[in-house]
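Analysis of the macromolecular model
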Amino acid sequence: MSITQQYLLDSYRARQLGVPAPPAPGSQDWQVVREWRDHRQFQAVIAGRPARGRARRALHRWWSRWARALG
């Protein structure tokens, strides 16, 4: 059974049971990749390695705003 066929079957069952339909295949792929990368970066920080990417940029933005507010 292909992904599309499984999706159509799940959508049909959801409609019959009156529950929300499942998300379309592939609609959340990038979100999953982002969450996996963020989790990997979080684990690196916990292990004592430097933060990189989005986590580091977020910390930098927070620190800059905080420093500007003080001085």
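What comes next is a walk through the structure. Residues take numbers from 1 onward in each chain, read along the sequence in its written order. Totals for whole chains, interfaces and linings use all residues, but because this is a predicted model, local features are given only for residues with pLDDT of at least 70 and pairs of side-chain atoms are given and counted only at 80 or more. Each side-chain value is worked out from all heavy atoms of the structure, with water and hydrogens disregarded.

1. With respect to a positive patch on the surface
Test applied: For patch building, the residue pool is restricted to those with more than 30% relative accessible area and no salt bridge; the joining distance is 9 Å between like charges and 5 Å between nonpolar side chains (Val, Leu, Ile, Met, Phe, Trp, Tyr). Here the Shrake-Rupley method, with its probe set to 1.4 Å, supplies the accessible areas, and only the displayed protein chains count as covering residues. One side-chain nitrogen of Lys or Arg within 4 Å of one carboxyl oxygen of Asp or Glu is enough to make a salt bridge. In this charge count, Lys and Arg are treated as positive and Asp and Glu as negative; neither His nor the chain ends contribute. Here the site of a charge means NZ on Lys, CZ on Arg, CG on Asp, or CD on Glu. By the criteria applied, helices consist of DSSP H or I runs no shorter than four residues and strands consist of E runs no shorter than two, each listed in order from the N terminus. Note on classification: 1.4 Å probe, protein chains only; a residue is buried when its accessible area is under 20% of the maximum for its type, exposed when over 50%, partly exposed between these limits.
Taken together, the side chains of Arg34, Arg37, Arg40, Arg57, Arg61, Arg65 and Arg68 present a region of like positive charge at the surface. In terms of residue count, helix α3 (residues 53-70) provides more of the positive patch than any other element does, 4 residues in total. Mapped onto the elements, Arg34 comes out in helix α2 (residues 29-46). Classification of Arg34 as partly exposed rests on a relative accessible area of 33%.

2. Re the packing of aromatic side chains
Put simply, the test is: Working definition: a ring pair exists when centres of Phe, Tyr or Trp rings (six-membered ring for Trp) sit within 6.5 Å. Plane angles under 30 degrees give stacked, over 60 give edge-to-face, the rest tilted.
Enumeration according to the criterion identifies 3 aromatic pairs in this entry. Relative to Trp63, the ring of Trp62 lies with its centre 6.4 Å away and its plane at 50 degrees, an arrangement referred to as tilted. In this structure Trp62 comes out as exposed when scored by relative accessible area, which is 53%. Assessed through its relative accessible area of 47%, Trp63 is described here as partly exposed. Between Trp62 and Trp66, the ring centres sit 6.3 Å apart and the planes meet at 10 degrees, which makes this aromatic pair stacked. Within this pair, Trp62 and its partner Trp66 are both found in helix α3, separated by 4 residues, close to a single helical turn. Among the residues examined, Trp66 registers a relative accessible area of 41% and is labelled partly exposed. Every member of this aromatic cluster is reached through a ring pair, and the members are Trp62, Trp63 and Trp66.

Remember that the coordinates give geometry; whether it matters functionally is a separate question.
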